Each structure stands twice: as structure tokens, then as C-alpha cells.
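Chain and residue survey
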Amino acid sequence: MPLPLPAPKHCAWIAGGLGIILSLCAVWFAPLNQDEGWYLLSAGRTAEGAMPYRDYAFTQGPVFPYIYSLIQPLVKTHGLLAGRIFTLVLGWMSIGVTAWTVFRIRRRETPWFAVCLVLILLGVNTFHAQYLATVKTYSLAGFFLASGLGCYLLSLRHHSRIPMVFAALFLALAAATRLSLVLFIPALLLPPFLERKHRGQAPWLMLLLASAGFGLLLFLPFLLSAGKGLRFGLFEYHQARTTSSNGLLYKAAFLSQFCLAYLPCALLALPILGGCRPRTPGLLGVLGGVCAVTVLHLFSPFPYEDYQVPVMPALALVLAVQGSEIVVGPRDRYRAARLLLGFCLLFALSSPQWRVWFSSGRDRIWWNVRDEAPLTQLRHAAEALRELDPEAGDVLTCDAYLAVEAGLEVPVELNMGPFSFFPEMETDQAERLHVLNPERLQALLQEAPPALAALSGYAFTIQSPGILPTDPELLETIENWIRQVYLPERQIPDFGQAHTELHLYRRTDP
């Protein structure tokens, strides 16, 4: 007598459990990222009443610092760990909302198979787990996007107007968290607009007007209070980023790394998207939004593969709904769920991210294994920094996550961490935008130097906004300025992102 096959519901629970375990590993072992520090610094300033763009430089939508300002008491107590756990909760909320959406869409046919696909594709993925836990805009933007798409699809399916208003609200919040997601709005407008003879004018008009209205409410206060800072942070800064003449190579690397990180999704997309035309109303609009945002990321001056993380709930939603329509018959669904879970588990266990988590690079033929987890190392470095001067309240550093962990303030000009240094910018503009150029850095060191300094390989070495190396002669001049103000006290090797050497300093005059 053959053994009973595990139902998709059981596979879904297994996938969810494995995904949570994988995500908790990522919280502690995922490498430090410079964005984590300056995002949390921004949230801390917002919690104290400061406004992004007006009072400090910020290069993402305005929603993030206000949401993360809610957890500042926890960040002050538990440091980066609190930020990562909160980010992970938001990331799993995006997965949960996506699973709930496909369950509602397929509830009369194959609900648990669709849920199983979502949990396997998004939960059992080491790369996705790392960036669900890393303090960036991805988890928050992905949650808002998944919520907006859920309301949008259910509104079209049930011919209900109220969910469309909530869809517009969530989509506006997603765009105000990560601006590239605004392209989902025109993509989602297209299906109800083309079907207006059957559906009427209300669906697409409500989405258009409500999203425009909510977007205006979210951006207008900052446009009125700090129009130049808003334009610089959201447009001019990103447009000015450049790397070298090898632009095509970066784009090819983006596609290659994206397919590697989400190989199960890429493989499933071939038969699923080519199998049949989507029957679910609005699903083509969701797929169009995924494609539009991906193309925008591809043609950005400096494309990272992790840019796609907030888009993945939308792609998983499409694959889950379409996959449920293609795979028919309970036996086929049971077999497909079991095989997909096994494949994704093997893929997760063989992911290159494990080497990133547990290795600090390679010395010829020998892999260097980390002595301690990144968060543990960060805590020890923060303790060493505080021991230099327990009464200190501020620190000169481009490693913002170290300041967050040590509970120290950073000059507002260094709010963006390693991306705060603009050597080519005029002093008046740098002062207006709250960033540093050489003249402002020299004035800071002469007039009000912080009590401590912590300088790694990221210290003033990135020339923003071009993301180019700083001139070595200028770096030597800055080192001379530092020596005139600070005494070197300690060195920490293989610290933080990219494993550079961290130098801790104490101001010469108490």
C-alpha cells in the first residue's frame, strides 16, 4: 500500500517553519551593511522631531524614517539587533499578506497549493532571508506593495470599490518608501482601463485619483518645507551616481546575480508564465509592474541585485496564482509541492550567501572563517569605543551602524555614513543639503570635533554622488587633519562591511 503523499497544506507549514529558521539565522549572521546604520540614524533624528530633507540628508522616500522612529526606544536599548528584528517582522508580513491574497483568490479551488508556492519561493531562500533581515527599505516597501496588490486584485475580483481605495493608499506608501515602486501604479491602471466597457469607469478612476491624492499628501509637506533637499535626495543624487565605463557589465551582472539569487522563481516563470493567459483579473497588471520596475533597476547607473527584493512578493503572487491554474489534479499538486519544497531547500542550503555569512574572504587557497558573528563583533567594537571615553556623547565616523550600536550621536553632516562626503560640491550647497565637503569637514574638525572618532576603510573614501574613489591626495590631507585633533587608541581588523580595518581615536583635548 503506497504511503500517503503530504498535502500542500503540510508543505506550506513546513516551508513557513524552515523560512523562519533561515530568517532568524540571517538576523545574527548576515553581514553588516552601511545602509543599516544611516537608515537607523535617520529614524532616530525623526523620532527627535527632525524632518528628512529639511534637517538632514536622506535619499529615499520619507515614509521609512517615520515608521522606524517608532522603535527607537528598542534601538537605543538593543542596537542594530532591534532594527533587524523589526525589519524581519515587516518582511514576513509581506510574505503573509501575499499568501493571504493567493488564498483568497484560489479559495474555491487550490488555496493551499498557492499558499505553499508563496511560502516556498519567498521563505525558503537564503538571499531573500538576508535582505528581509537587513535594515533597508526593502521589507517595509515590500509589505506596502503586497498589501496594495492584495487589495487591488480582490477589488477587481469582487467588483468592490472600497478595497481599491486601500490599494491606492498602500501603493502610495510603497512609492513613498521606495520611489521606483511608483511604476506599479500605471501598470495596475491599464487592465481596468482596458476593461472599462465591462467594469465601468470607477475602478481605474478610483485607483488613479486616490493614489495621486495619497501621494500628494505624503510628499507635499516635504516639497513645501525642503523642496531642494527633496529633489536632491530623490532624483539628483541617484541620477548623478556613476561607476565607470563598464555600464553594460554592471547590467549583465545585475541580471546574472538576480537569476542566481532567485533561481527557483526564474525556472518556474518559464513554464508558468508561458502556460496560459492569466484568468485572474488584474494579474497582468501586477506582472507588468514587476517588469517595469525591473527594467528601471536594470538601467539605473549602479544596479544592485538586491534592488529586486521588494518586488519579489509581486512576482511570487503571479507565479502562485498562475501555477495553481496550470497544475490540476490533487495528485499532481501534492507531487509538485513536495518536489518544489525539496528543490528550494537544497537551493537554500547551497546558496553562496552562507559563505558570505561565515567567511571573511579568501587568502590564496584558504578561506578565512569569521571568529564571531557580525552583530557580536559590532557589539564588541561599540564597547571598545565607549571605553575610550564613557562620558562621550558623539563620534566622528562614517560607519553609522557603530554609532547606533554605541548609542552615540553623529554630526548631522555625516548622517548618510560613507555617502556623506561630496568633494566636488560647493560649500553653500553642501551646507544647505546637510552633507560634507572638504571645507565643511575641516571646519567641523577645527570648531566642534566630536569626542571620539572611529574610522574604517569607508572613511571619506567614497566620492558622492558619483560613487567614485576619493583622490588619494585629498585622503592624505584629511588624515593629517585627523591626526591634529585625535590620538589613535586601538585598531580592529576585518571590521564591518567589506572587512576593513577600524581605527578608534580619542580627542587630544578632553
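Residues numbered from 1 in each chain as written. Predicted model: local features only at pLDDT ≥ 70, side-chain atom pairs only at ≥ 80, totals over all residues. Heavy atoms only, no water.

1. Notes on the packing of helix H1 (residues 8-29) against helix H18 (residues 330-349)
- Two elements in contact, H1 and H18, have axes separated by 9 Å at closest approach and are oriented at 15°. Taken together, the axes of H1 and H18 are roughly parallel relative to one another. As H1 runs across H18, the sense of the crossing is left-handed. Note on element contacts: H18 touches H1 through Arg-333, Tyr-334, Ala-337, Arg-338, Leu-341, Leu-345 and Ala-348, opposite Pro-8, Cys-11, Ile-14, Ala-15, Leu-18 and Leu-22. (Axes fitted to C-alpha atoms, helices over the stretch in contact; angles between N-to-C directions. Helix = DSSP H or I, 4+ residues; strand = E, 2+ residues; numbered from the N terminus. Parallel < 35°, antiparallel > 145°, perpendicular 65-115°, else oblique. Left-handed = near helix turned anticlockwise from the far one by under 90°. Contact = heavy atoms within 4.5 Å.)

2. A short note on the environment of Leu-315
- Examined against the element boundaries, Leu-315 turns out to sit in helix H17 (residues 312-326).
- Residue Leu-315 is classed as buried on the basis of its relative accessible area of 11%.
- With 197 residues separating them along the chain, Leu-315 and Val-118 place their C-alpha atoms 9.5 Å apart.
- Setting aside chain neighbours within four positions, we find Leu-315 in contact with Cys-265 and Val-290. (Buried < 20%, exposed > 50% of the residue type's maximum accessible area, 1.4 Å probe, protein only.)

3. Some points on the layout of surface pockets
- Its boundaries defined by the atoms lining it, the second largest pocket holds a volume of some 310 Å³.
- Lining the second largest pocket we find 14 residues, and of these Leu-455, Ser-456, Ala-459, Glu-479 and Tyr-505 sit closest to its centre.
- Listed by contribution, the elements that provide at least two residues to the lining of the second largest pocket are helix H24 (472-485) and strand S8 (500-507).
- When residues of the lining of the second largest pocket are assigned to their parent elements, the largest contribution, five residues, is made by H24. (1 Å grid on protein atoms, 1.4 Å probe; cavity = no way out; pocket = protein on both sides within 12 Å on 5 of 7 lines; lining within 4 Å. Points joined across faces, edges and corners; volume = space filled by probe spheres on them.)

4. Some details on a nonpolar patch on the surface
- A surface patch of nonpolar side chains, about 320 Å² in accessible area, is lined by Ile-14, Leu-18, Leu-345 and Leu-349.
- If you list the elements that add at least two residues to the nonpolar patch, you get H1 and H18.
- Topologically, Leu-345 is positioned in helix H18. (Patch = residues over 30% accessible without salt bridge, like charges linked within 9 Å, V, L, I, M, F, W, Y side chains within 5 Å. Areas by Shrake-Rupley, 256 points an atom, 1.4 Å probe, with all protein chains shown as cover. Salt bridge = Lys/Arg side-chain N within 4 Å of Asp/Glu carboxyl O.)

5. Let's talk about the sheet that holds strand S3 (residues 395-397)
- Pairing is mixed in the open sheet, where four strands are placed in the order S3-S4-S8-S7. The open sheet has two edge strands with one neighbour each: S3 and strand S7 (486-495). Across the sheet, the mean angle from the axis of one strand to that of its neighbour is 15°, orientation sign disregarded.
- With four bridges connecting them, strand S4 (residues 452-455) and S8 associate as antiparallel partners. Each bridged residue has a counterpart across the sheet, and for Ala-453 the counterpart in S8 is Tyr-505.
- Across the sheet, helix H20 (residues 374-388) is in contact with S3, S4, S7 and S8; its angle to S7 comes to roughly 170°. (Pairing = 2+ DSSP bridges.)

6. Comments concerning a negative patch on the surface
- A cluster of acidic side chains, namely Glu-426, Asp-428, Glu-431 and Glu-439, defines a negative patch on the protein surface.
- The class of Glu-431 is partly exposed, set by a relative accessible area of 48%. (Lys, Arg positive; Asp, Glu negative; His and termini not counted. Charge placed at Lys NZ, Arg CZ, Asp CG, Glu CD.)

7. Describing the pairing of S7
- Pairing between S7 and S8: seven bridges, direction antiparallel. Residue pairing in the sheet places Arg-490 in a bridge with Leu-504 of S8.

8. Comments concerning the pairing of strand S2 (residues 366-369)
- Note that strand S1 (residues 359-363) and S2 share three bridges and pair antiparallel. Its bridge partner being in S2, Asp-363 is matched across the sheet by Trp-366.
- Hairpin connection, S1 to S2: the antiparallel pair is bridged by two residues, and Arg-364 has positive phi, about 55°.

9. With respect to the side chain of Thr-110
- When you line up the elements, Thr-110 lands in the loop between helix H5 (80-105) and helix H6 (111-123).
- Apart from the residues lying within four places of it in its own chain, the contact partners of Thr-110 are Ser-324 and Arg-333.

10. Concerning the pattern of salt bridges
- Taken as a whole and judged by the stated rule, the model has eleven salt bridges.
- Asp-55 serves as the salt-bridge partner of Arg-54, at 2.8 Å between the closest nitrogen and oxygen.
- A relative accessible area of 36% means that Arg-54 is categorised as partly exposed.
- In this structure Asp-55 comes out as partly exposed when scored by relative accessible area, which is 26%.
- Here Arg-335 makes a salt bridge to Asp-332, at a shortest N to O gap of 3.6 Å.

11. With respect to the side chain of Thr-177
- Checked against the element boundaries, Thr-177 lands in the loop between helix H9 (162-175) and helix H10 (184-194).
- Look at Thr-177 and you get buried, because its relative accessible area is 0%.
- Side-chain polar atoms of Thr-177 contact the backbone oxygen of Leu-173, separated by 2.7 Å.
- If near-sequence neighbours (up to four positions away) are discounted, Thr-177 is found in contact with Gln-60, Gly-61, Val-63, Thr-137, Leu-140, Ala-141 and Phe-144. (Polar contact = N/O pair within 3.5 Å; in protein donor to acceptor, adjacent residues only side chain to side chain.)

12. Topic: the packing of H1 against H20
- For the pair H1 and H20, the least separation of the axes is 6 Å and the interaxial angle reads 30°. For the element pair H1 / H20, the angle class is roughly parallel. Within the contact between the two elements, H1 uses Val-27, Trp-28 and Phe-29 and H20 uses Pro-374, Leu-375, Thr-376 and Arg-379.
- Split into classes, the residues belonging to the contact of H1 with H20 amount to five nonpolar, one polar and one charged. (Nonpolar A, V, L, I, M, F, W, Y, C, P; charged D, E, K, R; others polar.)

13. Some details on the packing of aromatic side chains
- Counted by the stated rule, this structure contains 28 aromatic pairs.
- Ring plane angle 45° and centroid distance 4.9 Å describe the contact between Tyr-39 and Phe-64, whose orientation is recorded as tilted. Placement of Tyr-39 in helix H2 (residues 34-47) and of Phe-64 in helix H3 (residues 63-68) is noted, with a sequence separation of 25 residues between them.
- Residue Tyr-39 is classed as buried on the basis of its relative accessible area, which comes to 3%.
- Across the ring face of Phe-193, the terminal group of Arg-196 is positioned such that the distance to the ring centre comes to 4.1 Å. (Phe/Tyr/Trp six-rings, centres within 6.5 Å; stacked < 30°, edge-to-face > 60°. Lys NZ or Arg CZ within 6 Å of the ring centre and 35° of its normal.)

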